[in-house]
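So the chains spell out like this:
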Amino acid sequence: MKKKIARVFMASTIFAGMLAGCGAAKDSSGGSNSDTIKLGVNLELSGNVASYGESMAKGVQMAVDEINKNGGVDGKKFDVIKVDNKSEAAEATNGIIKLTSQDKVNAVIGAATSGNTVAQAQIANDTKTVLLAPGGTSPSVTVDDKGKVREFVFRTSFIDPFQGTVAANFALDTLKVKDAAIFADNSSDYAKGLSDAFKETFEAAGAKVVAEEAYVAKDTDFRATLTRIKAKNPSFIFIPGYYEEVGLIVKQARELGIDVPLVGADGWDSPKLVDLAGAEALNNTYLINHYSSEDPDEKVQKFVTAFKEKNNDEAPNAFNALGYDTVYFLADAIERAGSTDSSKIQAELAKTKDLSLVTGVLSIDENHHPIKTATILEYKDGKQVFNTKVNP
């Protein structure tokens with residue numbers, strides 16, 4: 001895995017040098033004077049996390065349609081150019097190379113996952129093209145491994161440490177548990193970040209982690225590990241991971257007689273989770289998420305109603321909402337900049353404060369991380385039910 005990432009990084013470094021001049025030319029000419037805003041969308045439209053990318057793409061398109069119908073941003077309408085990164089980092093890099101060098105977009109939205117966003121970050125910076133991550137929750141999306149902020153990269157979602165902390169406090173304060181097990185995907189930086197934050201917060205409160213176990217993406221049989229966890233008799237299990245594995249973990253845990261509360265994060269949020277786990281098995285499970293379609297907030301309900309009208313009464317999930325919000329986050333910055341020049345958009349994105357969106361009121365900090373609320377959802381008979389909101 002490390003070798004593969006290294007190859008992707010080396011390839012992006014070579015291409016970034018070749019493309020830097022192209023990005024600068026685009027910023028100074030076509031952007032501001034064009035009648036359209038060229039918006040690249042680089043999402044997981046196929047592959048193992050296609051459910052996320054497809055959901056975000058729906059939200060993006062809905063926002064674009066609304067804005068264009070109302071005359072665009074300063075009279076300029078969005079022209080969307082989509083690429084499918086196939087849920088692979090190398091393809092995400094190829095996608096942004098195409099979008100910046102051939103299509104000469106003004107901004108890029110994507111990817112759904114942190115790894116596929118990081119794979120685009122260097123190209124975005126070197127070509128001075130704004131890159132907006134709707135769902136990349138790892139801190140590394142906007143801050144590199146040397147602690148330097150990636151100047152042209154922003155996100156709409158909160159970060160992993162915040163989710164892990166919220167999960168720990170929910171376990172302590174609401175579920176009133178004093179011990180827990182952690183079962184995490186050790187092939188994912190996403191899961192590692194959540195696990196570390198959960199453990200640190202949970203143990204700092206005097207509670208105990210009685211078991212820590214791991215799995216790898218694409219595993220399908222978790223019974224042996226779950227049996228070891230069951231032997232430790234935890235009162236609660238934290239399972240940070242993506243829906244493909246989590247659905248099977250929940251199903252197999254219940255089959256083994258593990259009936260304690262199970263809690264995860266936004267990686268659980270897919271309609272396919274219920275198909276994989278079964279509605280009954282998901283009872284007494286919770287997830288930390290970006291929003292709930294049942295939130296009574298007026299802005300949320302307006303979005304839910306409009307989305308249902310366009311999608312055969314289907315309730316929008318968090319990834320629909322994040323895709324939608326990301327377009328409005330960008331549009332707000334373009335309007336304030338009075339330009340589609342990427343450098344000017346970047347400056348306004350960094351200044352964003354108290355922007356009211358569907359997934360919460362958003363302000364951007366010095367690391368390009370959003371400061372916003374989290375939502376806790378509970379599964380009841382296969383349906384997500386709004387539980388509460390948590391402030392940052």
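Residues numbered from 1 in each chain as written. Predicted model: local features only at pLDDT ≥ 70, side-chain atom pairs only at ≥ 80, totals over all residues. Heavy atoms only, no water.

Participant: Looking at this structure, I do not really get the overall build of the protein chain. What am I missing?
Facilitator: Scanning the protein chain for helices and strands turns up 13 helices and 15 strands. Its C-alpha atoms give the protein chain a radius of gyration of 21 Å, near enough to 21 Å, the size a compact globule of 392 residues would have. Seen along its three principal axes, the alpha-carbon backbone of the protein chain occupies a region of about 65 × 45 × 35 Å. A buried classification covers 55% of the 392 residues belonging to the protein chain. (Helix = DSSP H or I, 4+ residues; strand = E, 2+ residues; numbered from the N terminus. Rg over C-alpha atoms; globule rule 2.2 N^0.38 Å. Buried < 20%, exposed > 50% of the residue type's maximum accessible area, 1.4 Å probe, protein only.)

Participant: When you look at the sheet that holds strand β14 (residues 374-380) in this model, what are you seeing that I'm missing?
Facilitator: Taken together, the seven strands give an open sheet; going across it, the order is β7-β6-β8-β9-β10-β14-β15, and neighbouring strands pair in mixed fashion. The sheet terminates laterally at β7 (208-215) and β15 (383-390), the two strands that pair on one side only. The pairing of β14 with β15 spans seven bridges and is classified as antiparallel. Looking at the pairing, L377 lines up with F386 of β15. (Pairing = 2+ DSSP bridges.)

Participant: What exactly am I supposed to notice about helix α7 (residues 189-204) here?
Facilitator: Working note: α-helix, 3.6 residues per turn, so residues spaced by three or four point in the same direction. Along its 16 residues, α7 runs 22 Å from first to last C-alpha, staying within 8% of the 22 Å computed at 1.5 Å per residue. The elements touched by buried residues of α7 are α6 (160-173), β6 (179-185), β7 and β8 (237-238). Taking the backbone nitrogen of Y190 as reference, a side-chain oxygen 3.1 Å away marks S188 as the first, capping residue of α7. In the segment just after α7, G206 is the residue with positive phi, at about 90°. (Expected span 1.5 Å × (residues − 1). Contact = heavy atoms within 4.5 Å. Polar contact = N/O pair within 3.5 Å; in protein donor to acceptor, adjacent residues only side chain to side chain.)

Participant: Even after reading the chapter, I still don't get helix α9 (residues 243-255), so can you show me in this structure?
Facilitator: With 13 residues, α9 should cover 18 Å at 1.5 Å per step; its first-to-last C-alpha distance of 18 Å lies within 8% of that length. Taken residue by residue, α9 has Y243, E245, V246, G247, I249, V250, Q252, A253 and R254 as its buried positions.

Participant: What exactly am I supposed to notice about the sheet that holds strand β11 (residues 355-357) here?
Facilitator: Pairing between the strands of a sheet comes from backbone hydrogen bonds, and it takes one of two forms, parallel or antiparallel. Ordered in space as β11-β12-β13, the three strands form an open sheet in which the pairing is antiparallel. In this open sheet, the two strands that pair with only one neighbour each are β11 and β13 (370-371).

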